[in-house]
Amino acid sequence: MKLMISTSMTLLALATTLFSSVSGKAILGVDLGSLYMKVALVQRGAPLEIVTNLHSKRKTELMILFDQGSRFYGSDASSLLARKPTKTPAAMSVMLGRDEN
């Protein structure tokens, strides 16, 4: 349960860091798919914008790697998955709302 809550909070933190430079009032939409996530931003007087990640892509792999106090998201976590599979939860949208057993 702790991992699930931590993962959910980390996903929200990831979404907020993707658009931290936005000023003023805005509405954020997060689409948690089974493999990828997208973040949409709606601002008054501006068209809907799909926020890009650090790699300038609109969709981010739904993976987070926790290692020695650091967090790696998306493709960074995916590239480390083979070396550290127990520290990389994947398909987290399936785990949301379930018991850890």
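For the structure itself, look to the data block above.
Remember, predicted model here, so these are calculated numbers, not experimental data.

A. View of the overall build of the chain. Looking only at helices and strands, one finds three helices and six strands in the chain. Listed by position from the N terminus, the elements making up the chain come as α-β-β-β-β-β-β-α-α. Out of the 101 residues belonging to the chain, those deemed buried represent 26%. Sequence-distant contacts in the chain: of pairs separated by 6 or more residues, those separated by 24 or more amount to 40%. Of the roughly 7000 Å² of accessible surface on the chain, 55% is carried by carbon and sulfur atoms.

B. View of the pattern of salt bridges. Under the defined criterion, the tally for this structure stands at two salt bridges. Among the salt bridges present, the one from Lys 84 reaches Asp 67, with a minimum N-O distance of 2.4 Å. On the criterion of sequence distance, the pair formed by Lys 84 in the loop between helix H2 (74–80) and helix H3 (92–95) and Asp 67 in strand E5 (residues 64–67) is long-range, its members being 17 residues apart. Look at Lys 84 and you get partly exposed, because its relative accessible area is 28%. For Asp 67, a relative accessible area of 10% gives the class buried. When the shortest N-O distance is used, the salt bridge between Lys 87 and Asp 67 registers 3.1 Å. With a gap of 20 residues between them, Lys 87 in the loop between H2 and H3 and Asp 67 in strand E5 connect regions that are remote in the sequence. Here the salt bridges share partners, and the residues they tie into one network are Asp 67, Lys 84 and Lys 87.

C. Broad picture of the pairing of strand E6 (residues 70–73). For E5 and E6, the ladder comprises four bridges, and the chain directions are antiparallel. When the sheet's bridge partners are listed, Asp 67 is paired in E6 with Ser 70. Connecting the antiparallel pair E5 and E6 is a turn made up of two residues, with Gln 68 showing a positive phi of about 50°.

So, how was this worked out
Residues numbered from 1 in each chain as written. Predicted model: local features only at pLDDT ≥ 70, side-chain atom pairs only at ≥ 80, totals over all residues. Heavy atoms only, no water. Helix = DSSP H or I, 4+ residues; strand = E, 2+ residues; numbered from the N terminus. Buried < 20%, exposed > 50% of the residue type's maximum accessible area, 1.4 Å probe, protein only. Contact = heavy atoms within 4.5 Å. Areas by Shrake-Rupley, 256 points an atom, 1.4 Å probe, with all protein chains shown as cover. Salt bridge = Lys/Arg side-chain N within 4 Å of Asp/Glu carboxyl O. Pairing = 2+ DSSP bridges.

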